[in-house]
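Tertiary structure, described
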Amino acid sequence: LSRLIVVSNRVADPSQTARAGGLAVGILDILRECGGLWFGWDGTTVAEGEAAEISVTEHDNITIATMPLSDKDYQDYYHGFSNSVLWPVFHNRLDLATINSEAVDGYRRVNEGFARALSTLIRPGDLIWIHDYHLIPLAAELRELGCRNRIGFFLHIPFPGPEVYVAAPEHAWLMRCLLAYDLVGFQTQADVSNFERSLQELEAKARHEGRYGAWPEFSGTVAAFPIGIDVEAFAAMARTEEAQARIQRLNRHASARIHIIGVDRLDYTKGLPERLRSFRRLLELYPENQKVATLMQIAPPTREDVDAYADIRHELEGMSGAINGEFGDFDWTPVRYIHRVVPRETLAALFRGSHVGLVTPLRDGMNLVAKEYVAAQDEANPGVLVLSRFAGAAEDLVEALIVNPYDPDEVAHAMQQAIKMPLAERRERHAALLERVHKRDVRHWRESFLAALAAGNATLGFIPEVRV
Ligand code: ADQ
């Protein structure tokens, strides 16, 4: 078995597995199984000019190698290009992209630096798996340094269509960087098709301008590997006695009988103001839900140093205050808004105790909350998932109530349909969803990706039929 090297912007701490999310655990498991190394930023910054030393530690079978960034690198690479350009552009939010050339330089510089540090740790035969938009140029930089190992890339966020993709600065360079991989994995078939169309348009443009010779030949594989969760582990958390007690407390203390839940990082891609607007419409269009239904929105802070994130926080606080002021009563608070991280066990219990799971991002690579909501339900009396058509998860989870998150009336109707849905239909939809969530779980995701990376030699557009 080849040794596996995983590279991602942030690295999970193997000694803190209990607190880590499903994805981190999924990656740690495979590293433990085949022995491996996880490389990335250590989350700290050092002053300009101070040496950024790589630190290497061993945990059982896993080597963790991390390094700090300089303050300027953090600003340009992380805050600047990754989160203020690639994140909004790839999520179709050109209006929120802040484009400046220093940020691109920083992005290039950090990827070069990571490649130099990582190349000292690579052995012949290692499989290298690079994650996400922060690190698109890493394989090209490693190739420059003579690395001939098989290198795969997985993009956790959507890939936009060509008309949006070309708004990213240096998009032709970024595309060439992607062609340095042996395997490029996306969340959905829609992303694969967007990537292929963007590539074809750039090739056509280069050919038209007589520069076709300069365009690199791509011999790698492109395919969709929809990410999943550890279904059993999450379901088990929702079934504990403690979870049961929490659900009972929720029902005893709240005057509301119907619980609707949303759980998302506080990010403008998650459609939170639109969601509150839809909940307001539910109360207006179906007043029987007043004093009866509650929306619990859990939205922990992220990336608060980016302006757009501070804006969304204020907007949300204003909107939930307005709904509560207008509709609320002495014994009923329509919106419960919680702005912090909640332990995963608590989330699992809250999902299980909620009649409706509201997952309505404006754009999302996959969305694991949708899958966690399904996994946490009581099969005998399950809640209903209302899911945005713009979440990657909607490609597979077709038995959810699929909605357009921009249309508050449509989402309100779907919530009402979910509230009124007969038990037989809820069970039927849930059983079908649970089967899908099981089939494409986190193990299937990582094993099918790694099988394709190890096997190689397919051509563009080939979808490997890997069953593990
Ligand atoms: P995210 O945008 O972070 O991930 P998501 O897939 O929903 O979105 O994952 C969020 C995770 O954080 C879930 O496991 C959820 O339970 C957890 N979480 C959210 N709020 C929490 C809270 N208050 N307390 C504790 N935990 C909380 C990116 C992409 C997604 C893609 C994933 C994985 O944007 O589209 O699905 O990567 O590839």
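Here the structure is shown first, and the text comes after it.
Along each chain, the written sequence defines residue order, and numbers are assigned to residues from 1. With pLDDT at 70 or above as the cut-off, local features in this predicted model cover only qualifying residues; side-chain atom pairs require 80 or more to be listed or tallied, and sums for whole chains, interfaces and linings still use all residues. To get the side-chain values, take all heavy atoms of the structure and skip hydrogens and water.

A two-sided burial pattern is seen for strand β7 (residues 183-186), the buried positions comprising Leu183 and Gly185 on one face and Val184 and Phe186 on the other. Relative to β7, strand β6 (residues 150-154) is paired through three bridges, and the arrangement is parallel. The residue bridging Gly152 from the neighbouring strand is Leu183, located in β7. The criterion for strand pairing is that DSSP finds at least two bridges linking the strands in question. Only DSSP runs of H or I reaching four residues or more are called helices, and only runs of E reaching two or more are called strands; each is numbered from the N terminus. Relative to strand β8 (residues 221-224), β7 runs parallel, the two being bridged by four bridges. When the sheet's bridge partners are listed, Phe186 is paired in β8 with Ala224. When a residue's accessible area, from a 1.4 Å probe over protein chains only, is under 20% of the maximum for its type it is buried; when over 50% it is exposed; and in between it is partly exposed.

Moving on, we come to the sheet that holds β6. What links the strands of a sheet is backbone hydrogen bonding, and the strands pair in either a parallel or an antiparallel sense. Overall, mixed pairing links the eight strands, which are arranged β3-β4-β2-β1-β5-β6-β7-β8 in an open sheet. Here the strands that pair on one side only, and so sit at the sheet edges, are β3 (55-59) and β8. Across this sheet, the average inter-strand angle for adjacent strands is 20°, counted without regard to direction. What makes two residues a contact is simply this: any of their non-hydrogen atoms within 4.5 Å. A fitted line through C-alpha atoms represents every axis, and for helices the fit uses only the stretch in contact; the resulting angles, taken between N-to-C directions, go from 0 to 180 degrees. Along the sheet face, helix α2 (residues 71-90) touches β1 (4-10), β2 (36-46) and β4 (62-70) and points at about 100° away from the line of β4.

On to the packing of helix α10 (residues 272-285) against helix α11 (residues 307-327), then. One way to put it is that α10 packs onto α11 with a least axis distance of 9 Å and a crossing angle of 10°. Considering the angle they form, α10 stands roughly parallel to α11. When α10 is examined against α11, the residues Leu272, Pro273, Leu276, Arg277, Arg280, Leu283 and Glu284 are found in contact with a partner set consisting of Ile312, Glu315, Leu316, Met319, Ser320, Ala322, Ile323, Glu326 and Phe327. Any residue outside Ala, Val, Leu, Ile, Met, Phe, Trp, Tyr, Cys, Pro, Asp, Glu, Lys and Arg is labelled polar, Gly included; the first ten of those are nonpolar and the last four are charged. For the contact of α10 with α11, the per-class residue count stands at ten nonpolar, one polar and five charged. The cut-offs work like this: below 35 degrees is roughly parallel, past 145 is roughly antiparallel, 65 to 115 is roughly perpendicular, and the gaps in between are oblique.

This part is about the site of the ligand. Here a residue is considered near a molecule or strand provided that any single heavy atom belonging to it is located within 4 Å of it. In the region of the ligand, 21 residues are neighbours, and His156, Asp364, Met366, Leu368 and Glu372 sit closest. Here Arg340 contributes a backbone N or O atom positioned 3.2 Å from a nitrogen atom of the ligand. Using a 1.4 Å probe, the Shrake-Rupley method yields the accessible areas, and only the shown protein chains count as cover for residues. Burial of the ligand by the surrounding chains reaches 86%, relative to a free accessible area of 710 Å². With three residues, helix α13 (residues 368-376) is the single largest residue contributor to the shell around the ligand. For the shell around the ligand, the per-class residue count stands at eleven nonpolar, four polar and six charged. We define a polar contact as two N or O atoms separated by no more than 3.5 Å, with the added condition that, inside protein, one atom must be a possible hydrogen donor and the other a possible acceptor, whereas residues neighbouring each other in sequence contribute only through side-chain atom pairs.

Here we take up the nonpolar core. Within soluble globular proteins, side chains that are nonpolar generally end up buried alongside one another. Residues belong to one nonpolar core when they are buried, are Ala, Val, Leu, Ile, Met, Phe, Trp, Tyr or Cys, and are joined through side-chain atoms within 4.5 Å. Grouped together as the largest cluster of nonpolar side chains are 100 residues, with contacts concentrated most on Phe114, Ile130, Leu138 and Ile260. For this core, the element with the highest residue contribution is α2, accounting for nine residues. If near-sequence neighbours (up to four positions away) are discounted, Leu138 is found in contact with Val7, Asn111, Phe114, Ala115, Leu118, Ile130 and Tyr181. Membership of the second largest hydrophobic core comes to 58 residues, among which are Val11, Leu250, Ala376 and Phe449.

Attention now goes to the pattern of salt bridges. Note on definitions: salt bridges are taken to be side-chain nitrogens of Lys or Arg within 4 Å of carboxyl oxygens of Asp or Glu. For the structure shown, the criterion picks out 32 salt bridges. For Arg446, the salt bridge goes to Glu33, with nearest N and O atoms at 3.7 Å. Taken together, the residues Arg446 in helix α16 (residues 442-455) and Glu33 in helix α1 (residues 22-34) connect sequence positions 413 residues apart. Each of Lys72, Asp73, Asp76, Glu102 and Arg109 takes part in a single network of salt bridges with overlapping partners.

The buried fraction of β6 is high, at four of five residues. Relative to β6, strand β5 (residues 127-131) runs parallel, the two sharing five bridges. Opposite Ile128, over in β6, you have Ile151 as the bridge partner. A clockwise course of the path from the first strand over the helix to the second, judged with the strands pointing away from the viewer, identifies a crossover as right-handed. This β-α-β element, β5 to helix α4 (residues 138-144) to β6, shows right-handed connectivity.

It is the rolling of a water-molecule-sized probe over the atoms that shows where space remains empty. Lining residues are those with an atom within 4 Å of a point, where the points come from a 1 Å grid over the protein atoms alone and group into cavities, where a 1.4 Å probe fits but cannot get out, or pockets, open sets with protein on both sides within 12 Å along at least five of seven lines. Grid points are joined across faces, edges and corners, and a volume is the space filled by probe spheres set on the points. Throughout the structure, instances matching the rule amount to two cavities of 30 Å³ or more. If you add up the space inside the largest cavity, you get close to 80 Å³. Among the elements of the structure, α13, β13 (384-388) and α15 (423-439) are those that each provide at least two residues to the lining of the largest cavity. In terms of residues, the lining of the largest cavity owes the most to one element, α15, which gives four residues. As for the second largest cavity, its lining consists of Leu250, His259, Ile260, Ile261, Thr294, Met296, Leu350 and Ser354. Listed by contribution, the elements that provide at least two residues to the lining of the second largest cavity are β9 (258-263) and β10 (293-298). A per-element tally of the lining of the second largest cavity places β9 first, with three residues.

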